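Coordinates in review
As a plain string of letters, each chain reads:
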Amino acid sequence: MLDLEVVPERSLGNEQWELCLGMPISQAISIMRRQCRIVKNIHLCYCDYDPLAMDIILNLTEDGIRLVFDPHCQRLKIIEVYDLSKVKLKYCGVHFNSQTVSPTNDQIEISFGATHPGVFDPANQQFILNFRGLSFFFPSNDKLEHIYSHGLGSLQFSNGPPVVSKLCIYMGNSLSETKAPLLPISCYQSKTYCEKVALLRNNKGKVTGINITLYGESGSPCKDSEVRRSHVSCDVLFGARCQDVMSCLGAPCKIFYKDEDKMKIHSKSPEKQLAAEESDYFYNYLTLGVDILFDGSSHTVTKFVLHNNFPGHYDFNIYYRAYFELELQVEGDSCLVTSFSKWDNVEEILGENYSKPVVLNRRSSTNATNPFGPTFCYGFNNLIVEVMPSNNYVASVTIYP
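Notes on the structure follow. (Residues numbered from 1 in each chain as written. Predicted model: local features only at pLDDT ≥ 70, side-chain atom pairs only at ≥ 80, totals over all residues. Heavy atoms only, no water.)

Let us look at empty space enclosed by the protein. With the rule as written, the count across this model stands at one cavity of 30 Å³ or more. When its volume is computed, the largest cavity comes out at roughly 170 Å³. If you trace the largest cavity, you find 16 residues lining it, with Pro 24, Cys 73, Tyr 320, Arg 321 and Tyr 323 closest to the centre. Elements with a contribution of two residues or more to the lining of the largest cavity: helix 1 (25-34) and strand 14 (193-201). (1 Å grid on protein atoms, 1.4 Å probe; cavity = no way out; pocket = protein on both sides within 12 Å on 5 of 7 lines; lining within 4 Å. Points joined across faces, edges and corners; volume = space filled by probe spheres on them. Helix = DSSP H or I, 4+ residues; strand = E, 2+ residues; numbered from the N terminus.)

Written out as structure tokens, the structure is:
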């Protein structure tokens with residue numbers, strides 16, 4: 001049984017690990033993987049038809065914990081403990097829920113102190129006791145609504161004092177209005193993250209590269225998290241050398257060498273069947289959601305790949321989301337494709353100015369199955385837009401000169 005510390009408006013965890021509000025879903029999953037011998041049977045819940053319409057949920061079914069992530073920024077918004085019988089909980093080092101301590105309303109008042117009278121929720125037949133960044137839910141019935149006036153302590157219960165059925169940790173004073181906070185400094189892990197990606201064009205309108213706005217932890221010692229968060233804007237151009245890219249973005253998380261190019265069959269070049277003497281390679285910036293392809297001979301940039309990290313996609317949880325805003329030129333008009341665009345909307349603006357889709361069915365070298373099915377890749381000018389057919393959202397964008 002997990003023994004966890006509750007920190008209102010911040011986190012749930014112990015000495016080995018901590019789930020913080022604002023934590024990216026990738027870091028939370030990484031923690032669960034490291035604790036696989038203790039934390040088991042985790043369910044990932046999301047809306048496949050519209051992944052931005054509902055929160056993404058990690059449900060720790062054997063521990064009675066539910067982690068709620070905002071579908072847009074994919075950061076932790078609410079920590080919910082919905083079955084207190086499966087976990088031990090403490091506050092300031094003292095247990096208020098364990099095998100020997102029952103989380104009654106009296107125990108909550110002893111552990112957390114006084115607060116405003118609770119709120120009765122007639123729709124769900126429960127009382128809600130609110131602290132800043134923390135709410136406790138007590139089951140009740142509609143008969144108590146009319147005599148409830150001075151809090152739970154003013155009521156007489158024939159079956160003993162009520163026991164907490166659920167608690168929620170969140171940011172702010174209202175659970176219904178809470179939002180996922182910014183990435184906390186404790187989750188930066190000496191890495192940089194993507195705030196925005198845009199296209200760079202020359203005076204003739206030709207795409208020359210991308211502009212990436214990064215943020216990370218600054219080196220200045222300061223207690224204010226906003227001051228410790230620094231931003232920088234970088235231009236990465238086609239033809240840039242690998243050392244130029246590293247000077248802008250830092251070292252990549254991984255480097256991947258291409259063994260073969262399965263798309264070269266579509267190339268118009270008569271030399272497409274000739275074996276390359278040098279293997280092309282990717283710089284994988286996982287926390288930026290960006291891959292950069294280098295030519296194996298000249299070691300210069302030839303392609304960018306921006307990932308959207310939608311659940312239900314083959315690459316989910318490999319990359320963080322790249323928040324791109326790409327302005328496309330369409331017959332003198334412009335069209336903006338963002339991380340949250342649906343292909344239906346883009347298709348209306350493009351009209352017939354794009355190629356028929358190529359069906360892409362990813363498979364790994366060790367596992368020939370793909371439970372998510374194929375995706376469609378549409379070509380337009382110097383972009384390839386990968387679309388998930390289940391919901392028509394853009395999964396990734398490939399940019400080439």
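So, on to the packing of aromatic side chains. One pass over the structure, following the stated rule, counts 20 aromatic pairs. Between Phe 96 and Phe 136, the ring centres sit 6.1 Å apart and the planes meet at 90°, which makes this aromatic pair edge-to-face. With Phe 96 in strand 9 (residues 94-97) and Phe 136 in strand 12 (residues 134-139), this pair connects stretches of sequence that are 40 residues apart. Under the relative-accessibility criterion, Phe 96 is labelled buried at 0%. Residue classification places Phe 136 among the buried residues on the basis of a relative accessible area of 1%. Ring pairs connect the aromatic residues Tyr 91, Phe 96, Phe 112, Phe 131 and Phe 136, which therefore count as one cluster. The side chain of Arg 66 reaches across the aromatic face of Tyr 82, ending 4.3 Å from its centre. Sitting above the plane of the Phe 310 ring, Arg 321 keeps its charged end 4.6 Å from the centroid. (Phe/Tyr/Trp six-rings, centres within 6.5 Å; stacked < 30°, edge-to-face > 60°. Buried < 20%, exposed > 50% of the residue type's maximum accessible area, 1.4 Å probe, protein only. Lys NZ or Arg CZ within 6 Å of the ring centre and 35° of its normal.)

Read from one edge of the open sheet, three strands run 14-15-16, paired in antiparallel fashion. Each end of this open sheet is capped by a strand with a single partner; those strands are strand 14 and strand 16 (229-237). Neighbour to neighbour, the strand axes of the sheet diverge by 20° on average, direction disregarded. Summarising the sheet, strand 15 (residues 207-217) and strand 16 pair through nine bridges and their orientation is antiparallel. Counted as the bridge partner of Tyr 215 is His 231 from strand 16. Along the sheet, helix 4 (residues 242-249) contacts strand 15 and strand 16; its crossing angle with strand 16, the most-contacted strand, is approximately 160°. (Pairing = 2+ DSSP bridges. Axes fitted to C-alpha atoms, helices over the stretch in contact; angles between N-to-C directions. Contact = heavy atoms within 4.5 Å.)

Next up on the list: the layout of surface pockets. Taken as a whole, the second largest pocket holds about 760 Å³ of empty space. Looking at the lining of the second largest pocket residue by residue, the classes come out as 17 nonpolar, ten polar and five charged. (Nonpolar A, V, L, I, M, F, W, Y, C, P; charged D, E, K, R; others polar.)

As enumerated under the stated definition, the model contains seven salt bridges in all. Its salt-bridge partner being Asp 83, residue Lys 86 comes within 3.8 Å of it at the nearest N-O pair. The class for Lys 86 is partly exposed, based on a relative accessible area of 31%. The salt bridge partner of Asp 244 is Arg 241, with a shortest N-O separation of 3.3 Å. (Salt bridge = Lys/Arg side-chain N within 4 Å of Asp/Glu carboxyl O.)

Most peptide bonds adopt trans geometry, and most residues besides glycine take a negative phi value. Residue His 299 is not a glycine yet carries a positive backbone phi of 60°. Mapping His 299 onto the fold places it in the loop between strand 19 (290-294) and strand 20 (301-307). A relative accessible area of 35% places His 299 in the partly exposed class. With a phi angle near 65°, Asn 392 is a residue other than glycine that sits in the positive phi range. Within the secondary structure, Asn 392 sits in the loop between strand 25 (383-387) and strand 26 (394-399).

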